[in-house]
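Structure assessment
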Amino acid sequence: QAKEKGRNGYQIFDAEHDRQSRFRQEGLGRLAQALQQGELCLFYQPKVNMRDGSVVGAEALMRWQHPDKGLLTPAHFLDDAEGSPLDIALGEWVLRSALAQMRFWQAQGMTLPVSVNISAYHLQQDNFAERLAALLAEYPELPAGMLEIEVLESTALKDITRVGALMTTCRELGVEFSLDDFGTGYSSLLYLKRLPAGKLKIDQSFIRDMHEDGDDLAIVQGIIGLSEAFSRSVVAEGVESIEHGSLLLHIGCDHAQGFGIARPMPADALLGWAQQWQGAAAWQLASKRRWT
Ligand code: C2E
Ligand code: MG
Ligand code: MG
Ligand code: MG
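Let me sum up the structure you'll find in this document. This structure is a prediction, so every number in the text was calculated from the model and none was measured. (Residues numbered from 1 in each chain as written. Chains lettered and ligands numbered in written order. Predicted model: local features only at pLDDT ≥ 70, side-chain atom pairs only at ≥ 80, totals over all residues. Heavy atoms only, no water.)

1. Points about the side chain of His-255
Stated precisely, the cut-off is as follows: Numbering of helices and strands runs from the N terminus, with a helix taken as a DSSP run of H or I at least four residues long and a strand as a DSSP run of E at least two residues long. Every residue pair with non-hydrogen atoms within 4.5 Å of one another is taken to be in contact.
Turning to its location among the elements, His-255 is positioned in strand 9 (residues 255–256). Beyond its immediate sequence surroundings of up to four residues, His-255 is in contact with Val-48, Asn-49, Met-50, Val-56, Ser-233, Val-234, Val-235 and Ala-236.

2. Some words on the packing of aromatic side chains
Put simply, the rule reads: In this scheme Phe, Tyr and Trp rings, the latter by its six-membered ring, pair at centre separations within 6.5 Å, and the angle between planes marks the pair as stacked below 30 degrees, edge-to-face above 60, and tilted otherwise. Exposure is judged per residue with a 1.4 Å probe applied to protein chains only, and the accessible area is read against the type maximum: over 50% gives exposed, under 20% gives buried, and values in between give partly exposed.
Inspection of every chain in the model, using the stated rule, returns four aromatic pairs. Between Tyr-44 and Trp-105, the aromatic rings sit 5.0 Å apart at their centres with planes inclined by 75°, giving edge-to-face as the arrangement. Placement of Tyr-44 in strand 1 (residues 40–49) and of Trp-105 in helix 2 (residues 85–107) is noted, with a sequence separation of 61 residues between them. An identical accessibility class is assigned to Tyr-44 and Trp-105; each is buried. Seen from their ring centres, Trp-277 and Trp-283 are 6.2 Å apart, and the 45° between their planes marks the pair as tilted. Taking relative accessible area as the criterion, Trp-283 reaches 5% and is therefore assigned buried.

3. A look at the site of ligand 1
Quick note on the threshold: For each residue, the test is whether any non-hydrogen atom lies within 4 Å of the molecule or strand; if one does, the residue is near. Nitrogen and oxygen atoms within 3.5 Å of one another constitute a polar contact, given that in protein one can donate a hydrogen and the other can accept it, and given that sequence-neighbouring residues count only through two side-chain atoms. In these tables, accessible area is a Shrake-Rupley quantity obtained with a 1.4 Å probe, and a residue counts as shielded only by the protein chains included in the view. Put plainly, a pocket is an open set of points on a 1 Å grid over the protein atoms alone with protein on both sides within 12 Å along at least five of seven lines, a cavity is a set where a 1.4 Å probe fits but cannot get out, and a lining residue has an atom within 4 Å of a point. For a cavity or pocket, the test is whether more than half of a molecule's atoms lie within 2 Å of its grid points; if they do, the molecule sits there.
Every one of the 21 residues lining ligand 1 counts as a neighbour, but Arg-63, Asn-117, Asp-180, Glu-240 and Phe-259 are closest to it. Contacts to ligand 1 include Arg-63, whose side-chain N or O atom sits 2.8 Å from an oxygen atom. A distance of 3.2 Å separates an oxygen atom of ligand 1 from a polar atom in the side chain of Gln-204. Considered on its own, ligand 1 offers 800 Å² of accessible surface; in the complex 79% of this is hidden by protein. Here ligand 1 occupies the largest pocket. Mapped by element, the contributors of at least two residues to the shell around ligand 1 are strand 2 (55–66) and strand 6 (176–182). Top contributing element to the shell around ligand 1 by residue count: strand 2, with four residues.

4. Concerning the pattern of salt bridges
Our working definition: We define a salt bridge as a side-chain nitrogen of Lys or Arg found within 4 Å of a carboxyl oxygen belonging to Asp or Glu.
Across all of its chains, the model carries 15 salt bridges by this definition. Between Glu-39 and Arg-30 there is a salt bridge, with its nearest N and O atoms 3.1 Å apart. Judged by its relative accessible area of 24%, Arg-30 falls in the partly exposed class. With a closest N to O distance of 3.5 Å, Glu-141 and Arg-103 form a salt bridge. Taken together, the residues Glu-141 in the loop between helix 4 (128–137) and strand 5 (147–152) and Arg-103 in helix 2 connect sequence positions 38 residues apart. Owing to a relative accessible area of 38%, Glu-141 belongs among the partly exposed residues under this scheme. Residues participating in the shared-partner salt-bridge network are Lys-47, Glu-59, Glu-148, Glu-150, Lys-199, Lys-201 and Glu-237.

Have a look at this one:
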């Protein structure tokens, strides 16, 4: 299209393109600086067992404590980094921070598995598994199975042979995988067979209205059925209400995560939260009232 407009069209297009890429470079530079200066941190959001309410793990979620803009979530800064060298630096920082946090919690008497989100680009680096092995070796006091990696289902589907092989290698190191935002990537039964990820995380878009929307409920039930058929465990994301919890319990969901249980919180708040957490009582009661 720009071509048809001749030289001028090109110039306009290039100027806009230049401006955008300069913007992106500036943003990336500032983010790299934030990493260097310790402005990034991880928040943790608990995951609980639906049946007995026990805390089964936590997801590490990146935050930027920006000096001017306040606390930023990844939607405000992470997209630009995807596919750049900074993507990998950030991912390695997240892995290292999560391992250090688990070691700290363990020393305080709380053994809690942590999952981290890793980008497609980082995961597909040739040396990913070697780097991960080297990192794990720095934390010999942590038992195998404590670290888990969340990969977007849509990412895993892009190169299923390669991602499947990588998952197998990492599982030999004691690292488990979950397929994040599951249900949004058009996964088929066949794909799942080839991806050795132990957990499926049902995308929160299906949970939100499932108690009113029959199609959403059917999808959630389908994913739970799929997880049973393939002996994977299943986590519902975005569990905001007792209503969500009671319905999920009723249809056999294993684990849940969401604002209704706890919001993502600073690392030093989690131990206190776990001590006062009341367990599954609320939605168990509601489930009994409603479904029996
Ligand atoms: P995700 O991995 O699917 O994480 C769940 C997101 O949903 C988090 O948003 C969490 O705060 C939010 N959430 C949890 N429970 C509820 C709920 O009940 N209701 C609603 N409305 N939202 C809920 P957050 O922290 O803003 O992260 C957004 C996304 O950014 C994550 O989605 C993940 O894809 C990405 N991300 C977060 N941390 C990292 C990281 O360290 N590295 C990479 N590569 N990506 C990250
Ligand atoms: Mg996630
Ligand atoms: Mg998700
Ligand atoms: Mg998501």
